[in-house]
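If you want the building blocks of each chain, they are given just below.
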Amino acid sequence: MSFWQRSFSTTLVLGLLIAIFLLANVMAQPASSWASVASSGSGEFICAGAFMQSIYCSYDAGATWFKTVSPSLTWASLAMSSEGDFVVAVPTQGNIYTSTTFGDTWKITSSD
């Protein structure tokens, strides 16, 4: 194999690895129009609400995100306890939602 063939092969492989890395990082972070965000006192736990989507949370200061089982609504406001375990989410219309499990599960609380 000539120098140019090795160089091209190496460049192609490196380019593919970089593309896979970037794609994985982009897909790990939800792309949306964010409406609200809340953070624990340390910044380790974060939850974010978007327009007409579920709430997304992170356990590692935003390095990775997971989609919670919250309904797809427009989230007007989020608040979180300093430890991050208690989260309150308020949509633009409807009930108030609370979580005592760092955003893993949600319970409807009456807005009356």
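Calculation notes
Residues numbered from 1 in each chain as written. Predicted model: local features only at pLDDT ≥ 70, side-chain atom pairs only at ≥ 80, totals over all residues. Heavy atoms only, no water. Pairing = 2+ DSSP bridges. Helix = DSSP H or I, 4+ residues; strand = E, 2+ residues; numbered from the N terminus. Axes fitted to C-alpha atoms, helices over the stretch in contact; angles between N-to-C directions. Core = buried A, V, L, I, M, F, W, Y, C linked by side-chain atoms within 4.5 Å. Buried < 20%, exposed > 50% of the residue type's maximum accessible area, 1.4 Å probe, protein only. Contact = heavy atoms within 4.5 Å. Phe/Tyr/Trp six-rings, centres within 6.5 Å; stacked < 30°, edge-to-face > 60°. Disulfide = S-S within 2.5 Å.

(A) Highlighting the sheet that holds strand 8 (residues 107-109). Pairing is antiparallel in the open sheet, where 4 strands are placed in the order 5-6-7-8. Each having just a single partner strand, strand 5 (75-80) and strand 8 make up the two edges of the open sheet. The average undirected angle you get between the axes of adjacent strands in this sheet is 25 degrees. Sheet analysis places strand 5 next to strand 6 (residues 87-91), joined by 5 bridges and oriented antiparallel. By the bridge assignment, Trp-75 is partnered in strand 6 with Pro-91.

(B) Highlighting the nonpolar core. Within the largest apolar cluster, 12 residues are counted, these being Ala-38, Phe-45, Cys-47, Ile-55, Cys-57, Trp-75, Leu-78, Met-80, Val-87, Ala-89, Tyr-97 and Trp-106. Per element, the largest residue contribution to this core is 3 residues, and it comes from strand 5. Sequence-distant contacts of Cys-47, defined by excluding residues within four places in its chain, comprise Ser-36, Val-37, Ala-38, Ile-55, Tyr-56, Cys-57, Leu-78, Met-80 and Val-87.

(C) A look at the packing of aromatic side chains. One pass over the structure, following the stated rule, counts 5 aromatic pairs. With a centroid separation of 4.7 Å and an interplanar angle of 40 degrees, the aromatic rings of Phe-45 and Phe-102 are classed as tilted. Taken together, the residues span a long stretch of sequence, with Phe-45 in the loop between strand 1 (34-39) and strand 2 (46-50) and Phe-102 in the loop between strand 7 (96-99) and strand 8 at a distance of 57 residues. Among the residues examined, Phe-45 registers a relative accessible area of 17% and is labelled buried. Between Tyr-59 and Phe-66, the ring centres sit 5.1 Å apart and the planes meet at 55 degrees, which makes this aromatic pair tilted. Accessibility expressed as a relative area gives 24% for Phe-66, which makes it partly exposed. Taken together through their ring pairs, the aromatic side chains of Phe-45, Tyr-59, Phe-66 and Phe-102 make up a single cluster.

(D) Geometry of unusual backbone geometry. Phi at Met-52 is positive, roughly 55 degrees, even though this residue is not glycine. Taking the relative accessible area as the measure of exposure, Met-52 reaches 56% and is therefore exposed. You will see that Phe-102, though not glycine, has its phi angle at about 60 degrees, which is positive. Phe-102 sits in the partly exposed class, given a relative accessible area of 30%.

(E) Spatial organisation of the sheet that holds strand 4 (residues 66-67). Strand order in the open sheet formed by 4 strands is 1-2-3-4, and the pairing between neighbours is antiparallel. Each having just a single partner strand, strand 1 and strand 4 make up the two edges of the open sheet. Note: strand 3 (residues 56-58) against strand 4, 2 bridges, orientation antiparallel. Residue pairing across strands places Cys-57 opposite Phe-66, the latter belonging to strand 4.

(F) The arrangement of the state of the cysteines in detail. In the structure shown here, the tally under the stated rule is 1 disulfide. Shown here is the disulfide that connects Cys-47 with Cys-57, its sulfur atoms set 2.1 Å apart. Disulfide Cys-47 to Cys-57: torsion about the S-S bond roughly 100 degrees, handedness right-handed. Highlighted residues: Cys-47 in strand 2 and Cys-57 in strand 3, separated in sequence by 10 residues. For the pair shown, Cys-47 and Cys-57 are each scored as buried.

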